[in-house]
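A closer look at the structure
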Amino acid sequence: MHSTVTEYANRTQRGAHMYIRGDHAELVVGGRLDVRSAADARTALHSAVDTGVGDLVLDLSELDSWDATGLGVIMGAHRRAGRCGRRLVLRGVPPQMQRLLVATRLHRILAIEGGIGVESLPRV
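What comes next is a walk through the structure. (Residues numbered from 1 in each chain as written. Predicted model: local features only at pLDDT ≥ 70, side-chain atom pairs only at ≥ 80, totals over all residues. Heavy atoms only, no water.)

**Describing the pairing of strand S4 (residues 56–66)**
In the sheet, strand S3 (residues 26–33) pairs with S4 via seven bridges, with the strands oriented parallel. Of the residues in S4, the one forming a bridge with Leu27 is Leu58. This β-α-β element, S3 to helix H1 (residues 38–51) to S4, shows right-handed connectivity. Pairing analysis gives four bridges linking S4 to strand S5 (residues 88–91), with the strands arranged parallel. Bridging from a neighbouring strand, Leu58 pairs with Leu90 of S5. (Pairing = 2+ DSSP bridges. Helix = DSSP H or I, 4+ residues; strand = E, 2+ residues; numbered from the N terminus. Right-handed = clockwise from strand over helix to strand, strands pointing away.)

**Here we look at the packing of H1 against helix H2 (residues 68–83)**
In the contact formed by H1 and H2, the axes pass within 10 Å of each other and the chain directions differ by 20 degrees. Taken together, the axes of H1 and H2 lie roughly parallel to each other. Two packed elements cross with a definite hand, and for H1 against H2 that hand is right-handed. Note on element contacts: H2 touches H1 through Thr69, Val73, Gly76, Ala77, Arg80 and Ala81, opposite Ala38, Ala41, Arg42, Leu45, His46, Val49 and Asp50. (Axes fitted to C-alpha atoms, helices over the stretch in contact; angles between N-to-C directions. Parallel < 35°, antiparallel > 145°, perpendicular 65-115°, else oblique. Left-handed = near helix turned anticlockwise from the far one by under 90°. Contact = heavy atoms within 4.5 Å.)

**Things to note about the environment of Val29**
Within the fold, Val29 resides in strand S3. Expressed as a C-alpha distance, the spacing of Val29 and Asp64, which sit 35 residues apart in the sequence, is 9.4 Å.

**As for the pattern of salt bridges**
Taken as a whole and assessed by the stated rule, the structure comprises seven salt bridges. In this structure, Arg36 and Asp34 form a salt bridge, with 3.9 Å as the shortest nitrogen-oxygen distance. For Asp34, a relative accessible area of 11% translates into the label buried. A salt bridge links Arg80 to Asp50; the nearest nitrogen and oxygen atoms lie 2.7 Å apart. Placement of the pair is Arg80 in helix H2 and Asp50 in helix H1, with a sequence separation of 30 residues. Here Arg80 falls in the partly exposed class, since its relative accessible area comes to 24%. Because the salt bridges share partners, they merge into one network encompassing Glu26, Arg91 and Glu113. (Salt bridge = Lys/Arg side-chain N within 4 Å of Asp/Glu carboxyl O. Buried < 20%, exposed > 50% of the residue type's maximum accessible area, 1.4 Å probe, protein only.)

**Brief notes about the environment of Ala48**
Locating Ala48 in the fold gives a position in helix H1. Separated by 23 residues in the primary sequence, Ala48 and Ala25 have C-alpha atoms spaced 7.4 Å apart. Excluding residues within four positions of it along the chain, Ala48 makes contact with Asp23, His24, Leu27, Leu56 and Arg86.

**Quick notes on H2**
The terminal C-alpha atoms of H2 lie 22 Å apart, and with 16 residues this matches the ideal 22 Å at 1.5 Å per residue to within 8%. Within H2 the residues assigned to the buried category are Gly70, Leu71, Val73, Ile74, Met75, Gly76, Ala77 and Ala81. Along its buried surface, H2 packs onto S3, H1, S4, S5 and helix H3 (95–103). (Expected span 1.5 Å × (residues − 1).)

**Re the nonpolar core**
In this structure, Leu58, Trp66, Leu90 and Leu101 are the most contacted members of the largest nonpolar core, which totals 31 residues. For this core, the elements supplying multiple residues, two or more each, are strand S2 (15–22), S3, H1, S4, H2, S5 and H3. (Core = buried A, V, L, I, M, F, W, Y, C linked by side-chain atoms within 4.5 Å.)

This is how it looks when you write it as structure tokens:
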């Protein structure tokens, strides 16, 4: 059992907007990762990168959506992990986000558990 060192919830008037829970080895990101939650998400991800060793798994299976700012947060964490001798690994990337990674060709840069089957992605 991992001890929780990171737990963050960004709330709006309608309830939870974005949350991150986990430790320096695995984080679960849920809700919406966008311009409103980016700063806090960046802080939580950088803290996890800085305090651990080895791969940092980012489970996105509970993520509802992300925008360009949210994607920038993921890329920033990826770069920071590389500078720290770590690797950021994405797990459970929802299909609509897989399409965005393919469209931006970031699926070639980011480590994605199980990869992305480009031919199996639903067409928009």
